[in-house]
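Here's the letter readout for the chains.
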Amino acid sequence: MKVAVFSTKPYDRQFLGGLNDERGHALEMRFFDPRLTDQTVKLAEGYETVCVFVNDVLDAEVLRGLAAGGTRLIALRCAGFNNVDMRAAAELGLTVARVPAYSPYAVAEHTVGLMLALNRKIYRAYGRVREGNFAIHGLLGFDMRGRTVGVVGTGRIGVVVGEILRGFGCELLAFDKHPSDMMQALGADYVSFDELCERSDIITLHCPLTPETHHMISDAAIDRMRDGAMLINTSRGGLVDTAAVIAGLKRGRLGYVGLDVYEEEADFFFEDLSDSIIRDDDLARLLTFPNVLVTSHQAFFTADAMRQIAETTLGNISRFASDGAVDEANAVRPK
Ligand code: NAD
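Parameters and conventions
- Residues numbered from 1 in each chain as written.
- Predicted model: local features only at pLDDT ≥ 70, side-chain atom pairs only at ≥ 80, totals over all residues.
- Heavy atoms only, no water.
- Near = heavy atom within 4 Å.
- Polar contact = N/O pair within 3.5 Å; in protein donor to acceptor, adjacent residues only side chain to side chain.
- Nonpolar A, V, L, I, M, F, W, Y, C, P; charged D, E, K, R; others polar.
- Patch = residues over 30% accessible without salt bridge, like charges linked within 9 Å, V, L, I, M, F, W, Y side chains within 5 Å.
- Areas by Shrake-Rupley, 256 points an atom, 1.4 Å probe, with all protein chains shown as cover.
- Salt bridge = Lys/Arg side-chain N within 4 Å of Asp/Glu carboxyl O.
- Lys, Arg positive; Asp, Glu negative; His and termini not counted.
- Charge placed at Lys NZ, Arg CZ, Asp CG, Glu CD.
- Helix = DSSP H or I, 4+ residues; strand = E, 2+ residues; numbered from the N terminus.
- Buried < 20%, exposed > 50% of the residue type's maximum accessible area, 1.4 Å probe, protein only.
- Domains from an automatic or database assignment.
- Contact = heavy atoms within 4.5 Å.
- Buried area = accessible area lost by both parts, 1.4 Å probe.
- Pairing = 2+ DSSP bridges.
- Axes fitted to C-alpha atoms, helices over the stretch in contact; angles between N-to-C directions.
- Expected span 1.5 Å × (residues − 1).
- Parallel < 35°, antiparallel > 145°, perpendicular 65-115°, else oblique.
- Left-handed = near helix turned anticlockwise from the far one by under 90°.

J.: Could you give an account of the site of the ligand, naming the residues involved and the relevant values?
T.: Neighbouring the ligand are 23 residues; Tyr102, Arg156, Ile157, Asp176 and Thr234 lie closest to it. With respect to the ligand, the side chain of Asp176 contributes an N or O atom lying 2.6 Å from an oxygen atom. Taken together, the residues of the shell around the ligand sort by class into eight nonpolar, nine polar and six charged.

J.: Residues and numbers for a negative patch on the surface, please.
T.: Taken together, Glu263, Glu264, Asp281 and Asp282 make up a surface patch of like negative charges. As for its placement among the helices and strands, Asp281 is situated in helix H11 (residues 281-286). By relative accessible area, which is 60% here, Asp281 ends up exposed.

J.: Could you give me a rundown of the domain arrangement of the protein chain, with the residues and numbers involved?
T.: Per the domain assignment, the segments making up the protein chain are domain 1 (2-102 + 303-330) and domain 2 (104-294). Each of domain 1 and domain 2 has a C-alpha centre, and these two points are 30 Å apart. Across the contact, 13 residues belong to domain 1 and ten residues belong to domain 2. Of all residues in domain 1, the largest losses of buried area upon contact with domain 2 belong to Lys9, Asn55 and Asn82, amounting jointly to 43% of the total for that side. Scanning the region where domain 1 abuts domain 2 turns up two salt bridges. Asp267 is paired through a salt bridge with Arg35; the nearest N and O atoms lie 3.3 Å apart. The interface formed by domain 1 and domain 2 contains five residue pairs in polar contact (both at pLDDT 80 or more). Here the residues of the side of domain 1 that touches domain 2 are counted per class, giving seven nonpolar, three polar and three charged.

J.: Which residues make up the sheet that holds strand S1 (residues 2-5), and what are the values?
T.: In spatial order, the strands read S2-S1-S3-S4-S5; together these five strands make up an open sheet with parallel pairing. One side of each edge strand has no neighbouring strand; the edge strands of this open sheet are strand S2 (28-31) and strand S5 (95-97). Shown here is a sheet whose adjacent strand axes are inclined to one another by a mean of 20°, direction ignored. Note that S1 and S2 share four bridges and pair parallel. The partner of Ala4 across the bridge, within S2, is Arg30. Against the sheet, helix H1 (residues 10-22) makes contact with S1, S2 and strand S3 (49-52), and its axis sits at roughly 170° relative to S2, the strand it touches most.

J.: Give me the lowdown on the environment of Arg72, citing residues and values where you can.
T.: Among the structural elements, Arg72 can be located in the loop between helix H2 (60-68) and strand S4 (73-76). Owing to a relative accessible area of 40%, Arg72 belongs among the partly exposed residues under this scheme. Sequence spacing of Arg72 and Arg145 is 73 residues, and the spatial spacing of their C-alpha atoms is 51 Å. Setting aside residues up to four positions removed in sequence, Arg72 forms contacts with Glu48, Gly93, Leu94, Thr95 and Phe320.

J.: Explain helix H6 (residues 156-168) to me, and be specific about the residues and the numbers.
T.: Given 3.6 residues per helical turn, the α-helix brings residues three or four places apart onto the same face. Taking 1.5 Å as the rise per residue, H6 with 13 residues should run 18 Å; its terminal C-alpha atoms sit 19 Å apart, in good agreement. Within H6, the full set of buried residues consists of Gly158, Val159, Val160, Val161, Gly162 and Leu165. Where H6 is buried, its residues contact helix H4 (104-120), strand S6 (148-152), strand S7 (171-175), helix H7 (181-185) and strand S9 (202-205). Two residues or fewer after H6 comes Gly169, characterised by a positive phi angle close to 85°.

J.: Account for the packing of H4 against H6, naming residues and giving values.
T.: Each packed pair of helices is defined by two parameters, the angle between the axes and the distance between the axes. Look at H4 against H6: their axes get within 8 Å of each other, and the N-to-C directions meet at 50°. Classified by the angle their axes make, H4 and H6 are oblique. Taken as a pair, H4 and H6 cross one another with a handedness that is right-handed. Mapping the contact onto sequence places Pro104, Tyr105, Val107, Ala108, Glu109, Thr111, Val112, Met115 and Leu116 in H4 and Arg156, Ile157, Val160, Val161, Ile164, Leu165 and Phe168 in H6. Grouping the constituent residues of the contact of H4 with H6 by class yields 13 nonpolar, one polar and two charged.

Printed below as a string of structure tokens:
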């Protein structure tokens, strides 16, 4: 089976290419550096499978281009599939597979890392000490113990975040359409989204991006939050209305913001743009706040997670190559 891998970075070659050889999958993989877009879709001509990541564009136009070029399987090497027009994929007879679970620990641990780094201002301390500035004024933090953390979306990742924070002695609030027994066993109280915003010292987002969750962190949600609340988003950028967050930071309602994802990240994240001008004014503004910490969609990025992603992705492709189907648990279908 011929596989066109888009948005390739050295670590994709390492894990996907390496495991393909190691496990004898014998897939004919071609690694392309660019993202899949309407400009690059031609590269996929003649490839039965395209392997894509979070910022590849799979809208109806691109999917039509893929189908016309002979593609039959879209193998996402990630969990989220908000970048795929699933209705168009189904109409075109394209099979879509993903990696629903790899390491919830990777994302959960990065989430808590952002909380601690913001709270204790570790990124600022690092800069100071390197400059020979050993003063600690301005670095005042708070104890996590006893603080209330609101977890929005209590699936695989949200529950692990809950487990870690329980270890710190935090109180847990949760919001999800489908409450989790595991989260309740941790002592979490399920409340409405509004109540979660009102009562939490820290709010952390772990639900998928859907039309329903798009911009759930809005002006109204921020208005409900406690003064100085911390907001963490390691899920998808579109959950947050960036303009509302900037306004919330400017008026002090938001005291800390940690983002591993950004709604307009596709043109920036995963690239070295250190010699370029950032033309996105919202992103540029966010980076000026001393109480904002942005990472470049790296929450998933552990060796353990990369191995698991490669394993499931190659398994999906090989299964499709042998019998034209993918495991039900990994198949993505339109709602
Ligand atoms: P999951 O499917 O196990 O859990 C998602 C939870 O969100 C479910 O419990 C679901 O009921 C809930 N949910 C769905 N719609 C909701 C709504 N409208 N309101 C409240 N809750 C809702 O997913 P997961 O594995 O825990 O991953 C969560 C998200 O994390 C993914 O959708 C993905 O966007 C993101 N993610 C980010 C990274 C990263 O590197 N930053 C890596 C992996 C996943």
